[in-house]
Amino acid sequence: MLAHHALPSRDLYTFTVPNHVWTDHEYLSEVLMALLWALGGSVAISLAFGIVTWLGFYWIWQAFDGFRQPFAIGGVVIALTALAGGPIWGPRAQMISFALVCLQLLWIRRYLAGRSRAILWLPLLMILWANLHSGWAVAFVILGVVLVAEAAMWVWTRQPAHAQHFRRLGLVTLLSAVAVAATPHGLALYTYPFATQFSTAQQSLIAEWMSPDFHLRSLQPLLAFVLVVIIAFAWRRPSLTDMLLTVVLLGLALHAVRQTTIFLAVAAPPLALSLFSVWREEVRPRVAGLVSARDRPQPIALSALTGVVLLIVLAATAVKITDGLRNESKAIAGDFPVAASDWIAAHPDLVGTRMYNQYGWGGYLIYRFHSDSNPSRKVFIFGEALLMGDPLLYTYQDVQTLRPSWEKVLDEYGVDYIVYNRGEALDNVLRTQHGWRLVYEDKIAVIYVRVGSVTNTAEPGSLNAGAPSSAGGASESAAVHST
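Residues numbered from 1 in each chain as written. Predicted model: local features only at pLDDT ≥ 70, side-chain atom pairs only at ≥ 80, totals over all residues. Heavy atoms only, no water.

**Topic: the overall build of the chain**
Consideration 1: If you tally the helices and strands in the chain, you get 19 helices and five strands.
Consideration 2: When its C-alpha atoms are laid out on the principal axes, the chain stretches across 85 × 55 × 45 Å.
Consideration 3: Counting contacts in the chain only where the partners sit at least 6 residues apart, residues at least 24 apart contribute 68% of the total.
Consideration 4: Of the roughly 24400 Å² that the chain leaves accessible, carbon and sulfur atoms contribute 64%.
Consideration 5: Within the chain, the 31 negative side-chain charges are centred at a point lying 15 Å from the centre of the 33 positive side-chain charges. (Helix = DSSP H or I, 4+ residues; strand = E, 2+ residues; numbered from the N terminus. Contact = heavy atoms within 4.5 Å. Areas by Shrake-Rupley, 256 points an atom, 1.4 Å probe, with all protein chains shown as cover. Lys, Arg positive; Asp, Glu negative; His and termini not counted. Charge placed at Lys NZ, Arg CZ, Asp CG, Glu CD.)

Take a look at the structure:
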C-alpha cells in the first residue's frame, strides 16, 4: 500500500484464490503498523498497541468514576478485567476496537447521566473506526441495546427524559451508520463484519471464533470474571441498560472467544458500581463499627504502601520486557518456520512452484518471501480467512485432517512442496508416501517435495547440507537437510 499508493483489490499472495476480491477492512491500521515497524520494529508496535489497550482501561476507569470511588475496589476490577482478557490482548488491530468501544460506552454513560453530550461526536469517530477495523459493527450492537432499554424505560415510567434519549441516540445511530460508508470500500464494508460472523468455516475451524473452552487454564480467569459479575448483580441490581448490555455481550463472548474483550468493556463499569454500592451500604458500616478511628490506616501510610507496590510492579514489568526483548528471536523461531524459510531462500531450485503450508504460518511465509517474484513463494493459504473463503478453508482442512480426499486436493492444486509442522499427522503420513521426499526438517518444521516435480531432488546427496535424517518411513535414497 505504501509502495503503490493503493489498496489491494485482489488477493496478492496465494495461487489458490488470486481472483478473490479483497475488502481490506483494517488497511489504515496496517499502514500505521508499517510506519511503526519502520520507526522501531516490533518494539514500537508493541508499545503503541499497549498504549491503545491501556487507553481502553483508562476509559473503563472513567466510566465508573474511579478517581472518586474506593481506590482498591476499582483497582481490583481493573485487574480482574485484565486477567480475564489475557488470551486476547496483544499488538493487533482488534485492540483499537476494544479501546473505541470503551470510549463509546463512557460517552453513553455520561450522556444518560446528563453529564455530557460527547456522544454526539460518535458519527465522526465512526469514520475513523471504519477505516481502522471492522469491529465498528459492535458499536451498533451497543447502540441498539441502549435504544431498546431507553424505549422500555419510557414505556414503563413515562419520563420524558427517556423519550429524549431515545430520539437523540436514534439520530446518532443513523448518522453513524451513514458515516461508516466514508471509506475506500464504500457500501461493500457494510456486509464485511456479517460475512465474517456468519462464516461457517471460520466458526468451526478457527479457535478465536469458537466458544470459550473453560477447561483451558488461560480462559479460567474469564470464567471467574463472569461468576463475579453474576454474584455482584444479584447482590446489587444494575440499571436496565447495564443489565441488557452485559447479557447481550456475554452471549456474544460465549459464542466466540474473540468477543471477550468487548464483553469485558461492557461489564467492568457496572461490576465496579455494584461493588462500590455493596461496600458503602453493607461492608463499610460494619467495618467502621469494629475498628476505631485511631486504629484505621492513616493516609500517609496507605500512600507509602501504594508507592512501594507501584515500584515493585514497575520493576517486575521492566524485567519482563527486557527478558522478552532479549529472547524475541528465539520466541519467533519457536513458533514459526524461521530456519525452514532460511533453507528455502538458500535453495530456491530445490523446491517446486506451488506450496501447501500450515495456515498459521502463511503470514510469516508471506513476510519472508512476498517480494520475491519466484512463483514458488506464493502460499496455499494465510490468515485472512474471509479473503480465503469458506471453500478453501474446508479444502485446507481436508488435507490437514487427512480426509479421504487429501491426496486428490494436492493433485488438483498442483502442490509440489509442503511446509508443515514436524510431528503432526500430515508429516507422519507423508513419511510413508513414496510420492513425497523429505528434504528438510528441524524441531519445528518439515519440507516435503513431490517426487519428480524437481529434477534435483532425485540426485542422492544433493540436499545433504547437514546430518541425514533417521526418521522412519523416508526413502533411503533421499538425502535430508536436518537441523
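**Section: helix α2 (residues 71-84)**
The α-helix advances 3.6 residues per turn, and as a result positions three or four apart in sequence lie on the same side.
Consideration 1: With 14 residues, α2 should cover 20 Å at 1.5 Å per step; its first-to-last C-alpha distance of 20 Å lies within 8% of that length.
Consideration 2: Within α2, burial applies to I73, G74, V77, I78, T81 and A84. The arc that holds the buried residues of α2, viewed along the axis, is 135 degrees, so those residues lie on one side. α2 presents F71, A72 and L83 as exposed residues on the side facing more than 90 degrees away from its buried surface. (Expected span 1.5 Å × (residues − 1). Buried < 20%, exposed > 50% of the residue type's maximum accessible area, 1.4 Å probe, protein only. Arc of directions from axis to C-beta.)

**Concerning the pairing of strand β4 (residues 445-450)**
Consideration 1: Counting buried positions along β4 gives five out of six residues, so the element sits mostly inside the fold.
Consideration 2: As paired elements, strand β2 (residues 417-421) and β4 share five bridges and run antiparallel to each other. Of the residues in β4, the one forming a bridge with Y417 is V449.
Consideration 3: Joining the antiparallel neighbours strand β3 (residues 436-441) and β4 is a turn of three residues. (Pairing = 2+ DSSP bridges.)

**Topic: the side chain of N357**
Consideration 1: Inspection of the secondary structure assignment puts N357 in strand β1 (residues 355-357).
Consideration 2: The buried category is assigned to N357, whose relative accessible area is 0%.
Consideration 3: Every residue in contact with N357, bar those within four places of it in the chain, is listed here: G362, L365, V379, F380, I381, Y396, V419 and Y420.

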